Amino acid sequence: MKGYRKYFLNKLAWFLVTLVCAFLLNFILPRLMPGDPVAAIVARMAQGMSNSSGVQAIYEQYTELFGTNKPMLEQFFLYTRNVARGDFGFSFSQYPRTVADVLSASIWWTVCLQFPAIIVGWLIGNSLGALAAYLKGGFDKVIMPVSIFISNFPPFGMAVLLMVIFGVNLKWFPTSGGYGFDLIPSFTWSFMWSVIVHYQLPFWSIVLIAIGGQAIGMRSMSIYELNADYVKYARFLGIKDRKIVGYVFRNAMLPQITGLALSVGTMVGGALVAEIIFSYPGLGSTILTAVRGQDYPLVSATTLIITLMVLSANFIIEILYGIIDPRIKAAQAD
Amino acid sequence: MANVMLEVKELTTKYITRFGEDVYAVDHVSLKVEEGKALGIAGESGCGKSTLALSLMGYYFAPLHYTSGEIIIDGRNISGMNPDEVRKSILGKEIAYIPQAAMNALNPTRKIIHFIEDVIQEHELYITKKDIYDRARKLFETLGLPAEVLQKYPVELSGGMKQRTVIAISVLLLPKVLIADEPSSALDVTSQKMVIKMLRQLMETGLISSLIFITHELPLLYNVTDDIMVMYAGQIVEKANSKEAVFDPIHPYAKGLMGSIIVPEKGLRDVKLTAIPGVPPNLKRPPAGCRFAERCKYVQPECKVHSVDLRELEGGRTYRCIFSEEQLRKAYQNG
Ligand SMILES: Nc1ncnc2c1ncn2[C@@H]1O[C@H](COP(=O)(O)OP(=O)(O)OP(=O)(O)O)[C@@H](O)[C@H]1O
Ligand code: SF4
Ligand SMILES: [Mg+2]
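Residues numbered from 1 in each chain as written. Chains lettered and ligands numbered in written order. Predicted model: local features only at pLDDT ≥ 70, side-chain atom pairs only at ≥ 80, totals over all residues. Heavy atoms only, no water.

Caption draft 1: Structural view of the side chain of A:Asn251. With respect to the helices, strands and loops of the structure, A:Asn251 is situated in helix 10 (residues 241-277). Those residues in contact with A:Asn251 that sit more than four places away from it in its chain are A:Glu225, A:Tyr230, A:Arg327, B:Asn107, B:Pro108 and B:Thr109. (Helix = DSSP H or I, 4+ residues; strand = E, 2+ residues; numbered from the N terminus. Contact = heavy atoms within 4.5 Å.)

Caption draft 2: Up close: the interface of chain B and chain A. With 30 residues of chain B at the contact, the number on the chain A side is 22 residues. Taking both sides of the interface into account, the surface hidden between chain B and chain A amounts to around 2400 Å²; carbon and sulfur atoms contribute 64%. Contact with chain A buries area across many residues of chain B, yet B:Arg87, B:Thr109 and B:Glu122 alone supply 27% of it, more than any other trio. Linking chain B with chain A are three salt bridges. Linking chain B with chain A are 12 residue pairs in polar contact (both at pLDDT 80 or more). Broken down by secondary-structure element, the contributors of at least two residues to the side of chain B that touches chain A are strand 6 (95-98), helix 3 (112-123) and helix 5 (159-170) of chain B. Counting residues per element, the side of chain B that touches chain A draws most heavily on helix 3 of chain B, at six residues. (Buried area = accessible area lost by both parts, 1.4 Å probe. Salt bridge = Lys/Arg side-chain N within 4 Å of Asp/Glu carboxyl O. Polar contact = N/O pair within 3.5 Å; in protein donor to acceptor, adjacent residues only side chain to side chain.)

Caption draft 3: Quick peek at the site of ligand 1. Residues and elements named next belong to chain B. Not every one of the 16 residues close to ligand 1 is listed here, only the nearest: Ser-45, Gly-46, Lys-49, Ser-50 and Thr-51. One nitrogen or oxygen atom from the side chain of Ser-45 is found 2.5 Å from an oxygen atom belonging to ligand 1. Surface burial for ligand 1 is 68%, taken as the share of its 640 Å² of free accessible area covered by protein chains. Mapped onto the shell around ligand 1, the elements with two or more residues apiece are strand 2 (22-34) and helix 1 (49-56). Counting residues per element, the shell around ligand 1 draws most heavily on helix 1, at three residues. Here the residues of the shell around ligand 1 sort into six nonpolar, seven polar and three charged. (Near = heavy atom within 4 Å. Areas by Shrake-Rupley, 256 points an atom, 1.4 Å probe, with all protein chains shown as cover. Nonpolar A, V, L, I, M, F, W, Y, C, P; charged D, E, K, R; others polar.)

Pasting the structure below:
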């Protein structure tokens with residue numbers, strides 16, 4: 001267990017370090033955006049007002065409210081304290097809604113869309129890659145080029161493709177939103193059904209991209225493992241192929257888990273783009289509106305949440321990997 | 001006469017490469033190993049020792065293919081058998097194998113005991129895990145391996161320990177023939193000694209009935225095996241008892257191989273194969289005549305014309321050359 005603890009602490013330390021860096025960047029970057037967001041809001045509110053001192057008063061009021069007139073360092077401490085409390089302040093673009101309010105409405109859409117999609121894509125991709133390595137021949141010759149093709153597809157390309165084929169031409173699925181615009185969220189059958197139908201296109205566009213990338217990696221890992229010495233030895237001890245194939249795919253899959261940890265960030269990034277294209281009410285769409293409205297508390301909070309999700313996913317995957325693969329323990333022990 | 005555990009008649013196998021070329025790496029090899037005996041196989045790298053080891057198992061998979069010949073294990077001819085049947089009832093049980101790269105022979109992510117369960121359950125359907133564990137522990141104790149090894153993963157074992165574990169696993173089902181392909185080459189001297197000791201112990205305790213030991217380090221063979229077979233380019237070029245093969249070889253290749261070993265025992269350790277000038281022929285296009293002709297000091301024009309047959313001397317000693325024993329001995333004396 002000593003080896004594993006070392007591994008765990010090492011991963012935990014890195015997790016915390018990246019988290020702090022991400023937090024700092026999240027605070028600084030949106031504040032470097034050009035333009036004065038408060039001025040923009042005031043301009044919007046003050047449209048039609050001729051009294052310039054009135055405008056000035058509103059401006060000062062907002063500046064006070066958001067704390068943008070304070071020095072950066074003080075803003076940072078305020079920000080840290082507020083974030084720790086889960087208070088991200090007001091949204092500029094959707095004032096008077098709070099950022100926490102906006103996010104809590106959209107985060108579940110993203111979580112429920114992306115995590116199942118990435119896991120399903122990972123599972124299907126690995127199965128196909130393993131099969132291609134094992135069956136070889138025709139199956140391999142079809143799966144490989146297709147995988148390479150779709151894995152090199154930009155995420156928005158896949159989303160647009162599915163949208164055009166299944167949404168616009170075949171009209172099987174709706175092309176935008178998380179549910180019918182004429183429905184009110186509730187636990188009714190018609191609403192649930194609408195959610196499911198709207199889920200399909202964004203879901204599969206994420207799944208497909210993930211499948212492509214995973215299948216390629218799994219195929220080459222499996223081919224490598226199938227030729228390993230232990231396969232030959234197990235055969236010569238009379239062990240059945242079915243069991244040996246079990247060893248091989250387990251061993252080939254292990255590096256794929258680390259591969260998932262490495263690519264989960266890219267996958268989430270791509271998936272956010274897919275959300276935007278399908279106007280899915282998740283974090284992707286939120287961040288787009290936030291950027292457009294120069295809504296820096298919202299931009300900052302959304303990126304922070306996304307970063308946090310990706311880093312945690314990463315951390316969890318690596319922790320699990322350390323438990324599943326005995327080689328980790330052995331490597332750390334000495 | 002003692003029971004013959006393994007008899008091989010004119011076994012020929014070939015590799016078919018990715019590009020469809022044939023490599024004739026085992027060419028009409030015949031051999032016989034009696035109960036309680038050990039046979040050594042020696043030869044330079046690439047002469048087909050490992051391929052012979054694989055071919056002897058009677059179960060073939062790409063790129064290695066069976067061409068002709070017979071393998072008889074304890075009176076049972078397995079050459080005509082259905083491959084699935086060979087796998088089920090012969091491999092591991094009748095004939096077992098220790099691969100050249102025993103370091104990587106174990107699945108890195110499976111505990112030793114779980115792998116042992118897989119091996120035994122494959123052949124004995126109704127055995128409980130407890131019985132398997134007891135059996136494995138007893139075997140490990142007999143062979144001087146700590147029982148804790150059973151609960152470890154291969155990565156947690158040292159090289160020497162891994163090697164000995166592989167040997168122990170190979171004899172779990174008490175095979176009649178054990179084929180060990182360079183079981184000690186990659187090890188340090190202490191581990192090598194332990195492995196050799198262990199192989200001897202396997203014979204003495206009756207865990208195996210016969211042994212085929214492959215190596216390119218001749219001095220090792222002399223201490224372990226009763227007979228030695230020298231291979232060159234996929235063929236047997238000489239077969240003799242260990243002492244004769246090491247100290248009194250007949251075939252020019254065997255002579256070159258053993259050449260520098262003159263002082264018995266003393267200094268034997270340091271003698272490795274002497275370098276014979278030149279390289280073995282490409283087995284994709286083996287030469288028509290004697291395969292050693294290109295490198296032989298005594299080559300005659302007729303050596304290259306027809307393939308050369310094995311000659312058998314009194315007492316069963318064989319060698320493959322156009323010259324008689326006397327002619328060769330005379331030639332050696334003249335330098
Ligand atoms: N998978 C393969 N496909 C094609 N040819 C092969 C293959 N494996 C080995 N060969 C060829 O067969 C010949 C015999 O190889 P083999 O491995 O049996 O030699 P060896 O005597 O065991 O050598 P070493 O001492 O290096 O282990 C060599 O010429 C080699 O190039
Ligand atoms: S047959 Fe000729 S070439 Fe071959 S070993 Fe004898 S003398 Fe040398
Ligand atoms: Mg070899």
